[in-house]
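Here's the letter readout for the chains.
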Amino acid sequence: MKASIINMGCKVNQIESTAMLEMLKTEGYELSAPKDVDLVVLNTCAVTGKAESEAISILRRLRRHNPGAKVIGVGCLAQINPDRLRGLCDLVLGQSQKSTLPELLSMPSGTTLVSPTAEPVGDLGDPKPWRTRALHKIQDGCDSYCAYCAVPFARGPSRSSALERVISGLEAYLNMGEKEVVLTGIHLGLWGRDLEPRLDLSTLLNETDRVLGPKLTDMRVRLSSLEPLEVPSIIDALLEYDWLVPHVHTPIQSGSDVILARMGRPYTKEQVTCLIANLKILMPYINIGTDILVGFPGETDNDFQETLELTEKLPFGYLHVFPFSPRPGTKASILNEQISPDIKRARVSKLKKLDAIKRAEFLAPQIGNFREAIIENTPHRSGRLKVLTDNYIPALLQPDSKATPGEMVVIQLGQPQNPYGLAEAYL
Ligand code: SF4
């Protein structure tokens, strides 16, 4: 029997797809590309309207090209809007059902099994290598209910892996020879708050250093996205521990206090300004990336201008820009003053141009510097080996470089002279 899993969305979904693959292998399935398989699992994402439309078109294609396969829709979209998937899948399974997938495969076609509240996803976060860097899921769910976001409905409240389990997971990766591990969660900064006794990320990082610090010379640790008000708790660790890379991704979403309040984001433009400026003063080579959500209901030209000016002014190394799309069940989906698609497109385009400028500005003072980097497993489309530095700069190795994918090396950063706009890297 052959099976395939198609993954959509965030790093946590990637980890859970890998875990479902392992379960299917244990059941005797041979893993294969989606063509000519007996079973296909689509691990869906519901974070944007675009992700939802993509899931539907993938399912339609699967039905057309592989009519004999059993098709299963799981994950966030299945959890919050199972009706959208029902006619296109043999089984629709919610978030909690991922951890018992093999037991559910024999259910009759047409079954929908979605728990009313998304429960913890069992042991889907066990150490398993993934691509160039390992993803270590240590937290799931979110309690914040930002006005635009369906994630708390899809994944339920925050739950954390126990401290000992996180550290033993890191040690397992170290013993496997992994060079980089990304500590990942849906709302990572909430890690530890539901544990007894209550803990936080700074305790986790300090304990990691106490237990594993001397052994962490060949492996580095990266943190996935952290909410702006949660970044200060890790600054001491960033300054102190060499194994923690100088990279922070923190989604500010808007530069307008009016819009931030409407989004239910618990910070102001002033707080973001202080945080980002201070972090950069403390660590000049840190790469600070952000997400911006464009076209939230009621976002005026003036609000957008404030976002543009704030992102121009602050030393971000890159921007991820997303147009707002109403997600069913969220507060923002029923707000008046929805922004027209044309206005959203124009605003996204302005910020994408700014993203290119921010990347170039971040790289410029570092040209000629030496930085630690990992050779990516997948080469760049030009055929050259791609590296990612500790501070999150993607670069291309010289064509004749002798290096092995997965290896940690020290490179010298050069100019972005190639047609891809990426920095040149010299071994
Ligand atoms: S913090 Fe807000 S945006 Fe992030 S997952 Fe939670 S509700 Fe969604």
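Residues numbered from 1 in each chain as written. Predicted model: local features only at pLDDT ≥ 70, side-chain atom pairs only at ≥ 80, totals over all residues. Heavy atoms only, no water.

## Some words on the overall build of the chain
The line we're drawing: Runs of E in the DSSP output that reach at least two residues are strands. Runs of H or I that reach at least four are helices, and both are numbered from the N terminus. Radius of gyration here is computed from C-alpha atoms only, and the compact-globule reference equals 2.2 Å multiplied by the residue count raised to the power 0.38. Note on contacts: a residue pair is in contact if any heavy atoms of the two residues lie within 4.5 Å. Note on areas: Shrake-Rupley, 1.4 Å probe, and residue coverage restricted to the protein chains presented here.
Across its full length, the chain carries 13 helices and 19 strands. At 22 Å, the chain has a C-alpha radius of gyration in line with the 22 Å of a compact globule built from 427 residues. Across its three principal axes, the chain shows a C-alpha extent of roughly 60 × 55 × 50 Å. Here the contacts in the chain between residues at least 6 apart in sequence split such that 71% fall between residues at least 24 apart. Of the roughly 18500 Å² of accessible surface on the chain, a fraction of 53% belongs to carbon and sulfur atoms.

## Description of unusual backbone geometry
Backbone geometry follows two general trends: most residues other than glycine have a negative phi, and most peptide bonds adopt the trans configuration. Across the junction of Glu 196 and Pro 197, the peptide omega takes the value 0 degrees, indicating a cis bond. Relative to the elements of secondary structure, Pro 197 occurs in the loop between strand 10 (180-184) and helix 8 (201-212). Of note in this structure, Gln 253 is not a glycine but carries a positive phi near 70 degrees. Notably, Glu 337 is not glycine yet its phi reads approximately 60 degrees, a positive angle. Tracing the backbone through its elements, the reader meets Glu 337 in the loop between strand 14 (318-323) and helix 13 (341-363).

## Some thoughts on the environment of Ile 334
Along the chain, Ile 334 turns up in the loop between strand 14 and helix 13. Remark: the alpha-carbon pair of Ile 334 and Pro 297, spanning 37 residues in sequence, is separated by 9.3 Å.

## Brief notes about the sheet that holds strand 7 (residues 134-137)
Selection criterion: We call two strands paired when DSSP finds no fewer than two bridges between them. Convention adopted: a line fitted to C-alpha atoms gives each axis, helices being fitted over their contacting stretch, and angles between N-to-C directions are expressed from 0 to 180 degrees.
With parallel pairing, the 3 strands of this open sheet are ordered in space as 7-10-11. Both outer strands of the open sheet, strand 7 and strand 11 (220-223), are each paired with one neighbouring strand and no more. Sheet twist, expressed as the average angle between the axes of neighbouring strands with direction ignored, equals 30 degrees. Where strand 10 meets strand 11, 4 bridges bridge the pair, whose relative direction is parallel. If you follow Val 181 over to strand 11, its bridge partner there is Val 221. Relative to the sheet, helix 7 (residues 163-176) contacts strand 7, strand 10 and strand 11, its axis offset from that of strand 7 by approximately 165 degrees.

## As for the pattern of salt bridges
The line we're drawing: Any carboxyl oxygen of Asp or Glu within 4 Å of a side-chain nitrogen of Lys or Arg constitutes a salt bridge here. Per-residue accessibility, obtained with a 1.4 Å probe over protein chains only, is compared with the maximum for each type, and a residue is labelled buried under 20%, exposed over 50%, and partly exposed between these values.
Taken as a whole and judged by the stated rule, the model has 28 salt bridges. Where Glu 16 meets Lys 98, a salt bridge forms, and the shortest distance between an N and an O atom there is 2.6 Å. Here the residue Glu 16 occupies a position in helix 1 (residues 11-26), and Lys 98 occupies one in the loop between strand 5 (91-93) and helix 5 (101-104), the gap between them amounting to 82 residues. Each member of the pair, Glu 16 as well as Lys 98, is classed as buried. One continuous salt-bridge network, built from bridges that share partners, spans Glu 16, Lys 98, Lys 137, Asp 140, Arg 155 and Arg 159.

## Description of the side chain of Lys 98
This is how the line gets drawn: For this analysis, a polar contact is any N or O atom pair within 3.5 Å, provided that within protein one partner can donate a hydrogen and the other can accept it, and provided that sequence-adjacent residues contribute only side-chain to side-chain pairs.
On the accessibility criterion, Lys 98 (0% relative accessible area) is buried. Side-chain polar atoms of Lys 98 contact the side chain of Asn 13, separated by 3.0 Å.

## Examining the sheet that holds strand 14
Strand order across the open sheet formed by 3 strands is 12-13-14, with parallel pairing between neighbours. Looking along the sheet, the strands with just one partner apiece sit at the ends: strand 12 (247-249) and strand 14. Neighbour-to-neighbour, the strand axes of this sheet turn through a mean angle of 15 degrees, independent of strand direction. The pairing of strand 13 (residues 287-294) with strand 14 spans 6 bridges and is classified as parallel.

## Section: the pairing of strand 17 (residues 394-397)
As judged from the 3 bridges shared by strand 16 (residues 386-389) and strand 17, these two strands associate in the antiparallel manner. Its bridge partner lying in strand 17, Lys 386 is registered against Leu 396. With antiparallel pairing between neighbouring strands as the criterion, strand 16 and strand 17 make up a hairpin whose turn holds 4 residues, including Tyr 392 at a positive phi of roughly 65 degrees. Relative to strand 19 (residues 423-426), strand 17 is paired through 3 bridges, and the arrangement is parallel. Paired with Leu 397 across the strands is Ala 425, a residue of strand 19.

## Let's talk about the nonpolar core
Cut-off, in case you're wondering: We define a nonpolar core as any set of buried Ala, Val, Leu, Ile, Met, Phe, Trp, Tyr and Cys residues linked to one another through side-chain atoms lying within 4.5 Å.
One finds Tyr 148, Leu 204, Leu 244, Phe 296 and Leu 351 to be the most contacted residues of the largest nonpolar core, which totals 64 residues. Broken down by element, the residue count for this core peaks at 6 residues, all from helix 7. Setting aside its immediate chain neighbours within four residues, Leu 351 contacts Ile 292, Val 294, Phe 304, Leu 308, Thr 311, Leu 319 and Val 321. Counting 23 residues, the second largest nonpolar core, distinct from the first, contains Met 8, Cys 45, Leu 62 and Val 92.

## Thoughts on the packing of aromatic side chains
The criterion, for reference: The aromatic pairing rule takes the rings of Phe, Tyr and Trp, using the six-membered ring of Trp, and pairs them if the centres are within 6.5 Å, calling planes under 30 degrees apart stacked, those over 60 edge-to-face and the rest tilted.
Throughout the structure, instances matching the rule amount to 5 aromatic pairs. Relative to Phe 296, the ring of Tyr 148 lies with its centre 6.5 Å away and its plane at 85 degrees, an arrangement referred to as edge-to-face. Of this pair, Tyr 148 sits in the loop between strand 8 (139-140) and helix 6 (151-155) while Phe 296 sits in the loop between strand 13 and helix 12 (301-313), and the two are 148 residues apart along the sequence. Across the pair, exposure class does not vary: Tyr 148 and Phe 296 are buried alike. Here the aromatic rings of Phe 296 and Phe 324 are separated by 5.5 Å at their centres, their planes lie at 70 degrees, and the arrangement is edge-to-face. Remark: Phe 324 occurs in the loop between strand 14 and helix 13 and Phe 296 occurs in the loop between strand 13 and helix 12; sequence separation between them is 28 residues.

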